[in-house]
Amino acid sequence: MQGLLNDWRRTHYANQHNPEIAGSDVTIMGWVHEIRDFGGIMFVIIRDVTGRVQVTAPSKKVDEDVLKQLRDLRKESVVAIKGAVQESAKAPNGVEIIPKEVKVLNMADQPLPMDPTEKVKAGIDTRLDSRFLDIRKENVSAIFKIKGQMFHTIRDFFYDNGFYEINTPKLVASATEGGTELFPIAYFEKEAFLGQSPQLYKQMMMGAGMDKVFEIGQIFRAEEHDTLRHLNEAVSIDAEASFADDEDVMKILNDMIIQVLNDVNENCANELEILGHELEVPSGDFPVVTYDDAVDIVNMAGVEMQWGEDLSREAEKALGEEMGGFYFLTKWPAEIKPFYVMPFEDDEKYAHAFDLMYNNLELSSGATRVHQYNLLVKQIEEKGLNPDGFGSYLTAFKYGMPPHAGWGVGADRLTMVLTGSQNIRECVLFPRDRHRLTP
Ligand code: ATP
Ligand code: MG
């Protein structure tokens, strides 16, 4: 059978080639990025997850069989090459590989559905249709390497701060917030929905005595919008902490974001350079603007906004223009926040709710939660919802629910900030939007 690894194994990744290993034999494995045949000499660029390395085959120095194998290669095929490393001032890493043996692991068909070397630019739809080829581009894989670092840091951060990682169901019987933004599914003889948020479950874990929990998981929203910052399936980073209020969890969120920024700067310098993106790390606490002040700022900027309204897109832009960078938007009108948000004791118009913004992009919403059963039932009713629909959630509030607070951060939106992407689709491997369900 052709194309098997057998006893071949990679000895070096592309980025491990440098003049220090000149003279040694290596085995590289990867994709054929480019082939340039000048008759007397042939260059084949091999690409792997770390970068590229040049294979140089002068016909005088290289076996005829090997030359023929190289000549027959097609772009984007998967190959393994054994050869000797030799210094070369002209080659990208200061070295090139003179090939001794070539093993074709899988020949790629031609023509390719899109060109991963980007000599021909493709639009986002073509790229997403051939996403596996698209991600072979270093400026695309860089986004997912940074996203991976983000999740790594976030998990470390939570574990270091005493949070337990949980997984809650995504198949649910009713709406989290009673909204209409739910995907109904057939669940045997019943109707069920895809979860729009782990909100109610993470709160129940506070009643379960888990103290501090986090979850990184999918959320599903049947919003019909078609924007650069919404998808119908997104990943949410959710945290909930007992014996804490809104200010406590804002501090946690603030510290977590700073640690993510620092780690990405430190560990993903190469990826940031590929993306041409610089990440500024704010020092200390993010600025805070109250909702009341935000209304004034927005109106002063010439965008009309009444007190009590949610921010329109134009209002978000005006506010982002004024504030810049990361900032918290606090003290929201209770009326436009969900039923589980704690009102101010001395002024029930306001809620202990906050958003974390980056320029004009909402990254997170959070709040102190209502932990008193009677108040919760009252607020559910005031939102026009039926408490009967919240049976098992409400029960958890009757038998010892501690005061608690929490937030949810959109992971894909945070990735937009980290990578300088303008379209959330760039930051999701296989995005799900109004028009796309495949691949
Ligand atoms: P927006 O007002 O921007 O639509 P939201 O207030 O409806 O967001 P929340 O319910 O507060 O969203 O969800 C918490 C976080 O989850 C948001 O701040 C955002 O980062 C992320 N998020 C929410 N909905 C989506 C979506 N459809 N696509 C991507 N991320 C989302
Ligand atoms: Mg929100």
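Residues numbered from 1 in each chain as written. Chains lettered and ligands numbered in written order. Predicted model: local features only at pLDDT ≥ 70, side-chain atom pairs only at ≥ 80, totals over all residues. Heavy atoms only, no water.

## Here we look at the sheet that holds strand β9 (residues 190–194)
Piece 1. Taken in spatial order, the three strands of this open sheet run β7-β9-β8, and their pairing is antiparallel. Only two strands of the sheet have a single neighbouring strand rather than two, namely β7 (171–172) and β8 (184–187).
Piece 2. Bridge count between β7 and β9: two bridges; the pairing is antiparallel. In the sheet register, Leu-171 faces β9, and the bridge partner there is Leu-194. (Pairing = 2+ DSSP bridges. Helix = DSSP H or I, 4+ residues; strand = E, 2+ residues; numbered from the N terminus.)

## As for the coordination of the magnesium ion (ligand 2)
Piece 1. Every protein donor of the magnesium ion (ligand 2) is accounted for by Glu-362 (OE) and Ser-365 (OG), and the metal-donor separations fall at 2.2 to 2.3 Å.
Piece 2. A residue is classified by how much of its surface remains accessible, and Glu-362, at 25% relative accessible area, is partly exposed. (Donors = N, O, S within 2.8 Å, 3.2 Å for Na, K, Ca; no water. Buried < 20%, exposed > 50% of the residue type's maximum accessible area, 1.4 Å probe, protein only.)

## Let's talk about the pattern of salt bridges
Piece 1. Applying the stated rule across the entire model yields 31 salt bridges.
Piece 2. Lys-147 is the partner of Asp-412 in a salt bridge, and the nearest nitrogen-oxygen pair spans 2.6 Å. Of the two residues, Asp-412 sits in helix α12 (residues 411–419) while Lys-147 sits in helix α4 (residues 138–160), which places them 265 residues apart along the sequence. Neither Asp-412 nor Lys-147 differs from the other in exposure class; each is buried. (Salt bridge = Lys/Arg side-chain N within 4 Å of Asp/Glu carboxyl O.)

## Quick word on the packing of helix α8 (residues 291–300) against helix α9 (residues 313–323)
Between two packed helices, both the angle of their axes relative to each other and the distance between the axes serve to describe the pair.
Piece 1. Running from N to C, α8 and α9 cross one another at 100°; their axes reach a closest spacing of 9 Å. The angle between α8 and α9 places the two elements in the roughly perpendicular class. Across from Ala-294, Ile-297 and Val-298 in α8, the residues of α9 making contact are Ala-315, Ala-318, Leu-319, Glu-322 and Met-323.
Piece 2. Per-class residue counts for the contact of α8 with α9 are seven nonpolar, no polar and one charged. (Axes fitted to C-alpha atoms, helices over the stretch in contact; angles between N-to-C directions. Parallel < 35°, antiparallel > 145°, perpendicular 65-115°, else oblique. Contact = heavy atoms within 4.5 Å. Nonpolar A, V, L, I, M, F, W, Y, C, P; charged D, E, K, R; others polar.)

## Here we look at the site of ligand 1
Piece 1. Not every one of the 14 residues close to ligand 1 is listed here, only the nearest: Arg-221, His-230, Leu-231, Glu-362 and Leu-363.
Piece 2. Glu-223 places a polar side-chain atom, nitrogen or oxygen, 3.2 Å from a nitrogen atom of ligand 1.
Piece 3. In the complex, 83% of the free accessible area of ligand 1, which totals 580 Å², lies under the protein chains.
Piece 4. Broken down by secondary-structure element, the contributors of at least two residues to the shell around ligand 1 are β15 (361–368) and β16 (404–410).
Piece 5. Among the elements that line the shell around ligand 1, the one with the most residues is β15, at four residues.
Piece 6. Looking at side-chain class alone, the shell around ligand 1 contains four nonpolar, five polar and five charged residues. (Near = heavy atom within 4 Å. Polar contact = N/O pair within 3.5 Å; in protein donor to acceptor, adjacent residues only side chain to side chain. Areas by Shrake-Rupley, 256 points an atom, 1.4 Å probe, with all protein chains shown as cover.)

## What about the environment of Asn-15?
Piece 1. With respect to the secondary-structure elements, Asn-15 resides in the segment before β1 (25–37).
Piece 2. The class of Asn-15 is exposed, set by a relative accessible area of 51%.
Piece 3. For the pair Asn-15 and Glu-138, spaced 123 residues apart in sequence, the C-alpha separation works out to 13 Å.

## Focus on the pairing of strand β4 (residues 78–87)
Piece 1. Bridge analysis of β1 against β4 gives seven bridges, and the strand direction is antiparallel. The partner of Trp-31 across the bridge, within β4, is Val-78.
Piece 2. Bridging between β4 and strand β5 (residues 95–106) involves 10 bridges; their strand directions are antiparallel. If you follow Gln-86 over to β5, its bridge partner there is Glu-96.

## Section: the pairing of strand β14 (residues 350–358)
Regular strands place side chains that alternate from one sheet face to the opposite one.
Piece 1. The buried fraction of β14 amounts to seven of the nine residues, a majority that puts the element mostly inside the structure.
Piece 2. Taken together, the seven bridges between strand β13 (residues 326–333) and β14 define a ladder with antiparallel strand orientation. Considered in β14, the bridge of Leu-329 is made with Asp-355.
Piece 3. Here β14 runs beside β15; their pairing, made up of six bridges, is antiparallel. Among the inter-strand pairings, Ala-353 is bridged to a residue of β15, identified as Ala-367.
Piece 4. Hairpin remark: β14 followed by β15, antiparallel, with two residues in the connecting loop; positive phi at Asn-359, about 50°.

## Considerations on the side chain of Lys-147
Piece 1. A residue is classified by how much of its surface remains accessible, and Lys-147, at 10% relative accessible area, is buried.
Piece 2. Sequence-distant contacts of Lys-147, defined by excluding residues within four places in its chain, comprise Ala-411, Asp-412, Thr-415, Cys-427 and Val-428.

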